[in-house]
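# Descriptive structure summary
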Amino acid sequence: MEEGYHTRMKAGIPHFVGRLARAWLMYAWLLAGAPALLLAGAEFAARLGGYGADLRYLIHAENTIRPNKAFHQQFFSLPVESIMDWDCAEYMAATPKPANVRRVIVLGESAAYGSPFGGYGFARYLEMMLREAFPGIRIEVINAAVPGTNSNVLQVMASYFPELEPDVVLLYMGNNEGNPPFTSPALSKALPFIPRPMLFRAEVAINRLRLIQMARNRRHDQAPPLVWPNEDTPDNPALNDFEANLGVIVKEARRMGADVVLCTLGRNAAENAATQAASDISAIPRSAFNQRILAFARRAAEGPVRLVDFDRACWVYSGKVAAPGYDLFCDVLHFTFEGNHLLAASVFPEVAAIIESKGGHRADTSPLSQSECERRMGLGAAGKVWLIEQGVRNGNRSGKLATTEAYANLLRNQVGPDPQKEILDDFETALRLNPDDGALRVHFVRWLIECNETERAYREAAELAARFPASRAANRLLAQTREPKGDAEGARRAYLRTLAMYPDDTLSRQALQRLGNAPPAR
């Protein structure tokens, strides 16, 4: 009998342990799963209620892709519109990419973006050169460069590039590595086994959660101080992070089948006596970041990485070895019109070779001259003076030289007695050469508005909107040209149509407030 009792006890032990284990699992689920479900429900409710913003870099809409302004805004305390001309920065790319399109993406900071001349940076010159060299295909040069950013953000942007299907990724970057945003030092110290680029990407992904955005808004987080040094030391976080991020971007490009063109950085050395003593081209001084770029390019030579030594090109620009100066640079690192053309001409052979290797038939082997590029962009001497003066009036940063009378006077000497007619003739010539160039038409309408050419501005804006009905700039400019004609109701409808397509369009919302009929802000 006692033996039977012990037998029954032993047989019941597994059953008891199983019940105990199930009870503990249920308890653990209640401790972990229930809060997770609660947070998921709160996140869903916040999204359903329209709280926060979608912080992905790219937005898909009706077979097109465009950049998301909110993605960039999360890294700045100032409005994005005060940092760059969003109408110039925003692009629209067809998806899937048409078979006859070859797509080049430019990635970098303010120098690559084109500051201080916005839509007239080196990417625009390169676009004119490539169109001339490959007339049988459609060339798209997407300028994804962003002023004030660094390689931490750029490597996150590059993770979205497969959606754009680029043929070439062109890198001119490394000027802002001492500036935030950075990976949280506490996070990288706690997780030293995870690469810093991966940590930063994870932080950006977490910021997409509406609950995280709500918590940050309530705390009113301040932008971090400028903490990274720029010395060339082995453990310098700025240099080491830059090289790590460069590796991530190249890896992303390889994954999508794109070739990479990597540039060294040009710098104005006119006022730096220590850099002017180069006796020959092999002895030119190299910045810490250029040394890293050159070393990276040598290590990556087995892959699709093509090096363009733009630093060297600046030193030999005058025909002899001489320190680059204010003929190429507005300040230390931003280009004059001549500098933008030199960079475009320097990268052109490598970019053209890649496009040719991908089925593009090349009609011309040499890049267009600066004057020919500018003729196709509608940019003559009078237009350059207008751009400089407009930047000064608007309080935009226009460089140490470009905002002075010295540089403006050099250009004014080339302008005739009727600057307004010269600009009009330049735009009309360019439009005959490039009638489907949306950026050219946007610049033309803006100039007509600036000159109070009311009727002509309205006609050109209507033509622009008809050709590019989904364009933010086209729809807003159509509204702006209705106001001076006294058509307040037509302007209001056009602004509302712009906001219906682009709810984040600050300028349209401000205009509706001025007209006394603004929808509630998001």
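In what follows, the accompanying structure is described. Nothing here was measured: the structure is a model prediction, and the numbers come from that model.

Mapped onto the secondary structure, Asp-437 falls in the loop between α17 (419–433) and α18 (438–450). Here the side chain of Asp-437 touches Arg-131 through a polar contact of 2.9 Å, side chain to side chain. A polar side-chain atom of Asp-437 sits 3.1 Å from the main-chain amide nitrogen of Ala-439. If near-sequence neighbours (up to four positions away) are discounted, Asp-437 is found in contact with Arg-124, Met-128, Arg-131 and Phe-468.

Residue placement: Gly-108 occurs in strand β4 (residues 101–108). C-alpha separation for the pair Gly-108 and Val-153, spaced 45 residues apart in sequence, amounts to 10.0 Å. Non-local contacts of Gly-108, meaning those with residues more than four positions away in its chain, are made with Ala-145, Val-146, Thr-149, Leu-154, Tyr-172 and Met-173.

Let us now look at the sheet that holds strand β1 (residues 58–61). Read across the sheet, three strands follow the order β1-β2-β3 without closing on themselves; strand pairing throughout is antiparallel. Each end of this open sheet is capped by a strand with a single partner; those strands are β1 and β3 (93–94). Bridge analysis of β1 against strand β2 (residues 64–67) gives four bridges, and the strand direction is antiparallel. Bridging from a neighbouring strand, Ala-61 pairs with Thr-64 of β2.

A few words now on the packing of helix α5 (residues 122–133) against helix α14 (residues 370–377). At a closest axis distance of 9 Å, the pairing of α5 and α14 adopts a crossing angle of 95°. By the criterion of interaxial angle, the relationship of α5 to α14 is roughly perpendicular. Contact residues: α5 offers Arg-124, Tyr-125, Met-128, Met-129 and Glu-132, while α14 offers Gln-370, Cys-373, Glu-374, Arg-376 and Met-377. Within the contact of α5 with α14, the residues separate by chemical class into five nonpolar, one polar and four charged.

A word on unusual backbone geometry. Cis peptide bonds are those with omega within 30 degrees of zero, and the linkage from Thr-95 to Pro-96 qualifies with -5°. Relative to the assigned elements, Pro-96 resides in the loop between β3 and β4. At the junction of Ser-115 and Pro-116, the peptide bond is cis and its omega measures out at 10° in the coordinates. Considering the arrangement of structural elements, one finds Pro-116 in the loop between α4 (110–113) and α5. Located in the positive-phi region is Glu-62, a residue other than glycine, with phi close to 50°. Here Glu-62 falls in the exposed class, since its relative accessible area comes to 77%. In this model, Glu-165 sits at a positive phi of 55°, which is unusual for a non-glycine residue. Given a relative accessible area of 30%, Glu-165 falls into the partly exposed group.

With a probe scaled to a water molecule rolled over the atoms, the places where space remains empty come into view. This model, assessed by the stated rule, comprises two cavities of 30 Å³ or more. By volume, the largest cavity amounts to about 50 Å³. Taken together, Tyr-57, Pro-67, His-72, Met-84, Trp-86, Ala-89, Tyr-91, Asn-143, Ala-144, Ala-145 and Val-146 make up the full set of residues lining the largest cavity. When its residues are assigned to classes, the lining of the largest cavity shows nine nonpolar, two polar and no charged.

For the coordinates displayed, the defined rule picks out 42 salt bridges. One salt bridge in this structure joins Glu-140 and Arg-138, with 3.4 Å as the shortest N-O distance. Since its relative accessible area comes to 47%, Arg-138 is described here as partly exposed. In this structure, Arg-472 and Asp-505 form a salt bridge, with 3.1 Å as the shortest nitrogen-oxygen distance. Within this pair, whereas Arg-472 is found in helix α20 (residues 472–482), its partner Asp-505 is found in the loop between α21 (488–501) and α22 (506–515), the two being separated by 33 residues in sequence. Its relative accessible area of 2% is what places Asp-505 among the buried residues. Put simply, Arg-66, Asp-85, Asp-87, Glu-90, Arg-446, Arg-472, Arg-476, Asp-504 and Asp-505 are held in one network by salt bridges that share partners.

Inspection of the secondary structure puts Ile-206 in helix α8 (residues 196–206). Classification of Ile-206 as partly exposed rests on a relative accessible area of 43%.

This brings us to the sheet that holds strand β5 (residues 138–143). An order of β5-β4-β6-β7-β8 is seen for the five strands of this open sheet, with the pairing classed as parallel. Here the strands that pair on one side only, and so sit at the sheet edges, are β5 and β8 (305–308). Adjacent strand axes in the sheet meet at a mean angle of 20°, parallel and antiparallel pairs treated alike. Across five bridges, β4 lies against strand β6 (residues 168–172) in parallel orientation. When the sheet's bridge partners are listed, Leu-107 is paired in β6 with Leu-171. Against the sheet, helix α13 (residues 337–357) engages β4, β5, β6, β7 (259–263) and β8, with an angle of about 155° to β8.

A separate point is the packing of α18 against helix α19 (residues 454–467). The geometry of α18 relative to α19 is characterised by a closest axis approach of 9 Å and an angle of 160° between their N-to-C directions. As judged from the angle between their axes, α18 and α19 are roughly antiparallel. Between α18 and α19 the crossing geometry is left-handed. The segment α18 lies against α19, with Gly-438, Arg-441, Val-442, Phe-444, Val-445, Leu-448 and Ile-449 engaging Arg-456, Ala-457, Glu-460, Ala-461, Glu-463, Leu-464 and Arg-467.

How each quantity is defined
- Residues numbered from 1 in each chain as written.
- Predicted model: local features only at pLDDT ≥ 70, side-chain atom pairs only at ≥ 80, totals over all residues.
- Heavy atoms only, no water.
- Helix = DSSP H or I, 4+ residues; strand = E, 2+ residues; numbered from the N terminus.
- Polar contact = N/O pair within 3.5 Å; in protein donor to acceptor, adjacent residues only side chain to side chain.
- Contact = heavy atoms within 4.5 Å.
- Pairing = 2+ DSSP bridges.
- Axes fitted to C-alpha atoms, helices over the stretch in contact; angles between N-to-C directions.
- Parallel < 35°, antiparallel > 145°, perpendicular 65-115°, else oblique.
- Nonpolar A, V, L, I, M, F, W, Y, C, P; charged D, E, K, R; others polar.
- Buried < 20%, exposed > 50% of the residue type's maximum accessible area, 1.4 Å probe, protein only.
- 1 Å grid on protein atoms, 1.4 Å probe; cavity = no way out; pocket = protein on both sides within 12 Å on 5 of 7 lines; lining within 4 Å.
- Points joined across faces, edges and corners; volume = space filled by probe spheres on them.
- Salt bridge = Lys/Arg side-chain N within 4 Å of Asp/Glu carboxyl O.
- Left-handed = near helix turned anticlockwise from the far one by under 90°.

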